[in-house]
Amino acid sequence: MRGVPPALPAGVRWEKDGPVHRVVGHPCGFVIGPRDLGPGGADLDRLIARQRDHFAARGEAVEWKIRGHDRPADLGDRLRAAGFVPGPTQTVLIGRAADLATEPRLPEGVVLRRVAAETDIRRIAMMEGAVWDMDWRPLHAFLNGQIEAAPDDVAVLVAEADDEVVSAAWLVLTPGGTFAGLRGGTTVPPWRGRGIYRALTAARARLAVARGAEHLHVDASHASAPTLHRLGFHPATTATPYMWTPPQER
């Protein structure tokens, strides 16, 4: 599940450095490593520093996500020592796609659409930015790039009420893979607790089954994990994103 996507957006590339891959060209870079990085001690410190310095030279932020079962066990400590800051720990959840592919049930007045047009992606990104008090433009660029690179492998769903975006989520498929990833899932506060997130999960599960995926995977926040547990997802491990940002952006 940790490989670099086979189809990258225009201007985005991956670079290999020892056991890790760097994904370069997004608004935020990514470092993707295997479960066991192999080297430890000073060798690991040098590997981490190279990734940090590579993105520092580009003036870009970078995220390095590690899981609870990753090795070496002190990887998180060494990332912090190199200036990476840990974000909130998530729960890695796995569910059987066929069991979750129920009929979506939406509140009265809410409609669900699959979208790909730039105008719809912009509306979704602006909703996310308003809810989370963040710049919406990186998400807008990221989703547009993914859709342009592999339109069959990214399914973006939006829930609307009176033409207002009230929730959105997307599904990421890997050609030939048995897992599909659930991403997004933000709902505006006045519409929370009405079953929209559950409906979006069911709709994405149905799309995944249609593409032959057997399991769904999500790195769940503290807020969404209980709902996913109730739907039938099972915890596998934890995931913690470590972020390094250029000094001028801190």
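As the structure is a computational prediction, the values presented were derived from the model and not from experiment. As a convention, each chain's residues are numbered from 1 in the sequence order in which they are written. Local features in a predicted model are, by the rule used here, given only for residues with pLDDT of at least 70; side-chain atom pairs are given and counted only at 80 or more, and totals for whole chains, interfaces and linings are based on all residues. With hydrogens and water set aside, each side-chain value is computed from the structure's full complement of heavy atoms.

(A) The layout of surface pockets, seen in detail. A cavity here means a set of points on a 1 Å grid, drawn over the protein atoms and nothing else, where a 1.4 Å probe fits but cannot get out; a pocket is an open set with protein on both sides within 12 Å along at least five of seven lines, and a residue lines either one if it has an atom within 4 Å of a point. Grid points are joined across faces, edges and corners, and a volume is the space filled by probe spheres set on the points. Quantified by volume, the second largest pocket comes out at close to 160 Å³. As for the second largest pocket, its lining consists of D99, L100, T102, E103, P104, R105, R198, A199, T201, A202 and L231. Mapped by element, the contributors of at least two residues to the lining of the second largest pocket are α3 (97-100) and α6 (196-210). With four residues, the top contributor of residues to the lining of the second largest pocket is α6. Ten residues, namely Ala, Val, Leu, Ile, Met, Phe, Trp, Tyr, Cys and Pro, are considered nonpolar, four, namely Asp, Glu, Lys and Arg, are considered charged, and the remaining ones, Gly among them, are considered polar. Grouping the amino acids of the lining of the second largest pocket by side-chain chemistry returns five nonpolar, two polar and four charged. Numbered from the N terminus, helices here are DSSP runs of H or I no shorter than four residues, and strands are runs of E no shorter than two.

(B) Looking closely at α6. The length a helix should cover is 1.5 Å for every residue beyond the first. The end-to-end C-alpha distance of α6, which contains 15 residues, comes to 21 Å, matching closely the 21 Å that a straight helix rising 1.5 Å per residue would cover. Burial here depends on accessible area, computed with a 1.4 Å probe over protein chains only, as a share of the maximum for the residue type. Under 20% is buried, over 50% is exposed, and the range in between is partly exposed. Turning to α6, its buried residues number three or more, namely I196, Y197, A199, L200, T201, A202, A203, R204, A205 and A208.

(C) Geometry of the pattern of salt bridges. What makes a salt bridge here is a side-chain nitrogen of Lys or Arg within 4 Å of a carboxyl oxygen of Asp or Glu, nothing more. In the structure shown here, the tally under the stated rule is 21 salt bridges. R122 serves as the salt-bridge partner of E118, at 3.2 Å between the closest nitrogen and oxygen. Highlighted residues: E118 and R122, both in helix α4 (residues 118-132), separated by four residues, approximately one helical turn. Under the relative-accessibility criterion, R122 is labelled partly exposed at 34%.

(D) Summary view of the nonpolar core. To form a nonpolar core, buried Ala, Val, Leu, Ile, Met, Phe, Trp, Tyr and Cys residues must be joined to one another through side-chain atoms within 4.5 Å. Among the nonpolar cores identified, the biggest contains 25 residues, and V156, V166, W191 and I196 are the most heavily contacted of them. Of all the secondary structure elements, the ones that give two or more residues to this core are β7 (110-115), α4, α5 (137-149), β8 (154-161), β9 (164-173) and α6. Residue contributions to this core peak at six residues, all from β8. In terms of nonpolar packing, the next biggest core, distinct from the first, is built from 18 residues, A155, L173, V218 and F233 among them.

(E) Inspection of the side chain of E128 at higher detail. Locating E128 in the fold gives a position in helix α4. Working convention for charge: Lys and Arg count positive, Asp and Glu count negative, and His plus the chain ends are omitted. Salt bridges are absent for the buried E128, whose nearest opposite-charge side chain, R192, sits at 8.6 Å. A contact between two residues is defined here by any heavy atoms of the two lying within 4.5 Å. Non-local contacts of E128, meaning those with residues more than four positions away in its chain, are made with M134, L139, A168, W170 and T186.

(F) Quick peek at the side chain of T237. When you line up the elements, T237 lands in strand β12 (residues 234-244). By relative accessible area, which is 16% here, T237 ends up buried. We define a polar contact as two N or O atoms separated by no more than 3.5 Å, with the added condition that, inside protein, one atom must be a possible hydrogen donor and the other a possible acceptor, whereas residues neighbouring each other in sequence contribute only through side-chain atom pairs. Among the polar contacts listed, one links the side chain of T237 to the side chain of H69, at a separation of 3.2 Å. With residues near it in sequence (within four places) discarded, T237 still touches R67, G68, H69, Q90, T91 and V92.

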